[in-house]
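Take a look at the letters that make up each chain.
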Amino acid sequence: MNENKFIAGATVAGLLITFLFIALSMHAQERIEPIPFGDFEHWKSSDIKESFLIGGKTKTLYKIGGSWSSSNAHARALGIDKVSVSVTPEKRGDGFCCRMESTLETVSAIGIDFKALATGSIFTGKMIDVVGMKQSSDPNSAIDMGMPFSGRPTALILDYKAIIRDAKAVYAPAKTKVKEVSGHDKGHITLILQHRWEENGHVYAHRVGTAVQAIDSTTDWQNDFRLPILYGKAGETFKELSNNRHKTHNSKGEMVCIEEVDFREDVQPTHLIIQISAGSMPPFTGCPGNIVWCDNIRLAYVL
């Protein structure tokens, strides 16, 4: 009986050792690459004075650097300068992380209070330096979304934490009244790989890869959170094709919609979109007080 127990124990131990070597072998075959400036240690800032008519405050506008931009914006309309800051650096350990918050801003002018909902968000792409009247009704038209990219990673890896409030969302498009809307706002993490091309001024894209994670509850730091990237039509489960949301400049310098036409796994990516946000609702809509932090954004590859 004791001999049988010894044999059984040895067998279990042998299986555990085998599984351990398999796991180590799989880990050794994976390559992790940080996305430049995705460690949030290289912020740049500039102080901008708002117009006297809306209070004349001086605000600090933060930029991440590299291929990253954010919802932070310097707007100018009818000669009035306004600064919106919903993304800031925050101390984490010996370094910094990125803090994104949905804020309900109040602007006072000629004795009237105007309220606007700004959702903290970061993304790969470029925000124009000064947002004007043309972009006021469609903030996405101020963003050249995505960065050139030709890799085929298997997963997005990052650290994140969140405060997601159990409160009603509001719609506040810089008017005097704030309107409650149905639905519960939540943060999100989205990765999209596209193969883009241009015809007659139109920019089309095959959706090559997709990864989506909703952040619908408050959580402490989730370190090394791993989000698998689904290729081809498998990504349709998480995110439908987009024809009027993301925009880019065509060869003529015109800002146009990126028209996704289908899901394709058999083509090489040309662009990468990563977006992390404290909200997931349309512009000027969300839940004030929702906050998402992120840090150490990386991509995993199989060797």
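Everything below is about the structure shown above.
Residues numbered from 1 in each chain as written. Predicted model: local features only at pLDDT ≥ 70, side-chain atom pairs only at ≥ 80, totals over all residues. Heavy atoms only, no water.

Trainee: Honestly, the overall build of the protein in this entry has me stumped. Any pointers?
Mentor: A count of helical and extended segments in the protein gives one helix and 26 strands. By residue count, 44% of the 303 residues in the protein fall in the buried class. Within the protein, contacts between residues at least 6 apart in sequence are counted, and of these 70% link residues at least 24 apart. (Helix = DSSP H or I, 4+ residues; strand = E, 2+ residues; numbered from the N terminus. Buried < 20%, exposed > 50% of the residue type's maximum accessible area, 1.4 Å probe, protein only. Contact = heavy atoms within 4.5 Å.)

Trainee: Would you explain the pattern of salt bridges in this entry?
Mentor: As a working rule, side chains carrying opposite charge can pair if their charged atoms are close by. In the structure shown here, the tally under the stated rule is 14 salt bridges. Here K168 and E180 are joined by a salt bridge, their closest N and O atoms 3.6 Å apart. Residue K168 is found in the loop between β14 (155-163) and β15 (169-171), and its partner E180 is found in strand β17 (residues 179-181); the two are separated by 12 residues along the sequence. A relative accessible area of 56% places K168 in the exposed class. A salt bridge links D266 to R264; the shortest N-O distance between them is 2.6 Å. You can call R264 partly exposed: its relative accessible area is 27%. A network of salt bridges, in which partner residues are shared, links R92, D159, D224, D295 and R298. (Salt bridge = Lys/Arg side-chain N within 4 Å of Asp/Glu carboxyl O.)

Trainee: Honestly, the nonpolar core in this entry has me stumped. Any pointers?
Mentor: Note that soluble globular proteins tend to have their nonpolar side chains buried in a common cluster. One finds I122, I276 and I297 to be the most contacted residues of the largest nonpolar core, which totals 36 residues. At the level of elements, β8 (95-101), β14, β18 (187-199), β19 (202-215), β20 (219-228), β24 (271-277) and β26 (291-302) are the ones that each hand at least two residues to this core. The element best represented in this core is β26, accounting for five residues. A142, M145, I192 and I273 belong to the second-largest nonpolar core, a separate cluster that totals seven residues. (Core = buried A, V, L, I, M, F, W, Y, C linked by side-chain atoms within 4.5 Å.)

Trainee: What should I look at first to understand the sheet that holds β17 in this one?
Mentor: Adjacent strands of a sheet form backbone hydrogen bonds with each other and so pair up, either parallel or antiparallel. Pairing is antiparallel in the open sheet, where three strands are placed in the order β17-β15-β25. Across the chains shown, the open sheet's two edge strands, defined by having one partner strand only, are β17 and β25 (285-286). As judged from the two bridges shared by β15 and β25, these two strands associate in the antiparallel manner. By the bridge assignment, Y171 is partnered in β25 with T285. (Pairing = 2+ DSSP bridges.)

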